[in-house]
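# Inside the fold
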Amino acid sequence: MVEDLPRRAVARTAKLAALPLGYAGRATWGLGRRIGGRPAELVAAEVQARTAEQVFRVLGELKGGAMKFGQAMSVFEAALPEHLTGPYRETLTRLQEAAPPLPARTVHRVLAHELGEDWRDRFASFEDAPAAAASIGQVHRAVWADGRDVAVKVQYPGAGAALLGDLTQIGRLGRLIGILVPGLDVKPLVAELKARVAEELDYTLEAASQTAFADAYEGDPDVLVPRVVDGSGMVLVTDWVGGTPLSRIIASGTPEQRDRAGLLLARFLFSGPSRCGLLHADPHPGNFRLDDDGRLVVLDYGAVNRLPDGLPAPIGSLLRLAVNGDAQGVFDGLRAEGFVRTGVDLDAERLLSYLDPILEPARADTFRFTRSWLRAQAVRVGDPRSPAYSTGLRLNLPPEYLLIHRVTTGTIGVLCQLEAEAAWRSELEKWLPGFAPPKPKRARKKA
């Protein structure tokens, strides 16, 4: 099979390696503009906008790991200073919904290879133009032979080599990425994305995960999981479900849409482990929609964390201790779970102070996530002059909590993009083992 996804190491590396050179040219251009009398802030914004445009154009063209990294970065958009988000917010979110499509002939070759030369017999009709694109595949609308509307996800040929090669190269561009998302540590994000590549490339695993979610949420009034119809290693056919993309709700949704989308997103992500033993581990807005009935539609199951026993019980119990102000209890619990390594000297009260501001959503009856709140948290923990900065450096993230942490921080980022308000504490009490206050014991009746 001819591979149309740009994957040769030299060609792909050259495109990514050109990004720092492009930034150097723009910085020189900006210096000239400042010498010419333009305000420094305005020039900085122009340089930033041009940088974002080039970076995300290249990421989108390359698809593969480059686009996946761009999608992962997009959830951090709400943490950026407001004067910087305007010039390239549209550029960031562009990757959540679209990328340059593969030629129809390539799509047909993949379908023939995966479903057989008679693949057209399975469909009443098939639209060659893709309806959506993702990091390693694109989605086509079609009608199954029995008349059902279906979505057909076709993996880009050569996606595996492209993913690994791109992520390796992106890991070397930490300084440039830091210009776009200040405070983002690129290395662990890239390492985590690499670790998920093998699973995401096998659509049979995704089909199994999607089926498990569909079974668990069958008939749910709030969440809709499309059913798997057919598939193979590189093709996945599911029921077609419409709706309003979450990215559009972020951009122009009503307050009611924002609040409902935020509540259902959090409810779905944190109920999954207890309902089907799986945590959906890719909470970027391109994976979610609201349908006409107000249900959250979840479209992609390539990245999951298998938690057959549900979320770890210490998460809820430690959160309850923190909300109650038990500094020593929180310290001891985090030490036991490996968040504070043996031999690390850390004051329990300072640790609780570090955690305290981000406990607000779990403490209040209702809480509105906002961009300004998230920016304040990013500044607090990312400023080397802040006491919270040195505390954060002493904390560790155990491997078993890596994806849970990604989902939590990613969800918070999306909720802040939505500026959603809801009763988050009651949701946490329902889905986090150990967080709900113990129920009072009933007094025994005297005989």
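Residues numbered from 1 in each chain as written. Predicted model: local features only at pLDDT ≥ 70, side-chain atom pairs only at ≥ 80, totals over all residues. Heavy atoms only, no water.

### A look at the overall build of the protein
Broken down by element type, the protein carries 19 helices and 14 strands. Across the 447 residues of the protein, 51% fall into the buried class. Across the protein, the fraction of contacts at a sequence separation of at least 24, relative to all contacts at a separation of at least 6, is 70%. On the protein, roughly 20400 Å² of surface is accessible, and the fraction owed to carbon and sulfur atoms is 55%. (Helix = DSSP H or I, 4+ residues; strand = E, 2+ residues; numbered from the N terminus. Buried < 20%, exposed > 50% of the residue type's maximum accessible area, 1.4 Å probe, protein only. Contact = heavy atoms within 4.5 Å. Areas by Shrake-Rupley, 256 points an atom, 1.4 Å probe, with all protein chains shown as cover.)

### Focus: the pairing of strand β3 (residues 137–144)
Taking burial as the measure, the eight residues of β3 include seven buried ones, the bulk of the element. Where strand β1 (residues 123–126) meets β3, three bridges bridge the pair, whose relative direction is antiparallel. Each bridged residue has a counterpart across the sheet, and for S125 the counterpart in β3 is V143. In terms of strand pairing, β3 meets strand β4 (residues 149–155) through seven bridges, oriented antiparallel. What sits directly across from G137, in β4, is Q155. (Pairing = 2+ DSSP bridges.)

### Section: the packing of aromatic side chains
For the coordinates displayed, the defined rule picks out 13 aromatic pairs. Aromatic side chains F213 and F268 sit 5.5 Å apart centroid to centroid with 40° between the ring planes, which places their arrangement in the tilted category. With F213 in helix α9 (residues 203–216) and F268 in helix α11 (residues 255–276), the pair connects residues that are 55 residues apart, well separated along the chain. This pair shows no difference in class: F213 is buried, exactly as F268 is. Consider the rings of Y217 and F268, whose centres lie 5.4 Å apart with planes at 55°: the pair is tilted. One end of the pair, Y217, is in the loop between α9 and β5 (223–224); the other, F268, is in helix α11, and 51 residues separate them in sequence. Judged by its relative accessible area of 4%, Y217 falls in the buried class. (Phe/Tyr/Trp six-rings, centres within 6.5 Å; stacked < 30°, edge-to-face > 60°.)

### A few points about the confidence of the model for the protein
Per-residue confidence for the protein gives a mean pLDDT of 78; residues scoring 70 or more make up 67%. Below pLDDT 50 for its whole length, residues 16–45 participates in 40 contacts with residues either more than four positions away or in separate chains. Note on residues 74–79: pLDDT is under 50 here. Beyond four places in sequence and across chains, it has 26 contacts. (pLDDT = per-residue confidence, 0-100.)

### Topic: α9
The end-to-end C-alpha separation of α9 is 20 Å, in line with the 20 Å expected for 14 residues at 1.5 Å each. For α9, the full list of buried residues reads Y203, E206, A207, S209, Q210, F213 and A214. Down the axis, α9 shows its buried residues gathered within 165° of arc, on one side only. (Expected span 1.5 Å × (residues − 1). Arc of directions from axis to C-beta.)

### Some points on unusual backbone geometry
Unlike most non-glycine residues, E419 shows phi in positive territory, near 55°. Counting through the fold element by element, E419 comes out in the loop between α18 (402–418) and β14 (421–422). Among the residues examined, E419 registers a relative accessible area of 29% and is labelled partly exposed.

### Some words on the sheet that holds strand β11 (residues 296–298)
Read across the open sheet, the four strands follow the order β5-β11-β10-β8; overall the sheet is mixed. At either end of the open sheet lies a strand with only one pairing partner, and these are β5 and β8 (244–245). One ladder, built from two bridges, connects β5 with β11; its direction is parallel. What sits directly across from V223, in β11, is L296.

### Quick look at the pattern of salt bridges
Within the structure shown, the criterion is met by 20 salt bridges. Among the ionic pairs, R295 bridges to D293, the shortest N-O distance being 3.6 Å. Residue classification places D293 among the exposed residues on the basis of a relative accessible area of 60%. (Salt bridge = Lys/Arg side-chain N within 4 Å of Asp/Glu carboxyl O.)

### A short note on the nonpolar core
F213, F268, F288, L319, L334, L418 and W424 are the most contacted members of the largest nonpolar core, which has 65 residues in total. Residue contacts for L319: discarding those within four places in its chain leaves L359, A362, L428, L432 and F435. (Core = buried A, V, L, I, M, F, W, Y, C linked by side-chain atoms within 4.5 Å.)

### Some words on the environment of R120
Secondary-structure assignment places R120 in the loop between α5 (104–115) and β1. Once the C-alpha coordinates of R120 and H108 are considered, the two residues, twelve residues apart in sequence, prove to be 9.3 Å apart.

### Describing the side chain of R289
Among the structural elements, R289 can be located in strand β10 (residues 288–290). A polar side-chain atom of R289 sits 3.4 Å from the main-chain carbonyl oxygen of G243. (Polar contact = N/O pair within 3.5 Å; in protein donor to acceptor, adjacent residues only side chain to side chain.)

### Comments concerning the packing of helix α16 (residues 371–382) against α18
Contact geometry for α16 and α18: axes closest at 8 Å, N-to-C directions at 140°. As the angle between them shows, α16 and α18 are arranged oblique. Within the contact between the two elements, α16 uses R371, W373 and L374 and α18 uses I412, G413, C416 and Q417. Classifying every residue of the contact of α16 with α18 by side-chain character gives four nonpolar, two polar and one charged. (Axes fitted to C-alpha atoms, helices over the stretch in contact; angles between N-to-C directions. Parallel < 35°, antiparallel > 145°, perpendicular 65-115°, else oblique. Nonpolar A, V, L, I, M, F, W, Y, C, P; charged D, E, K, R; others polar.)

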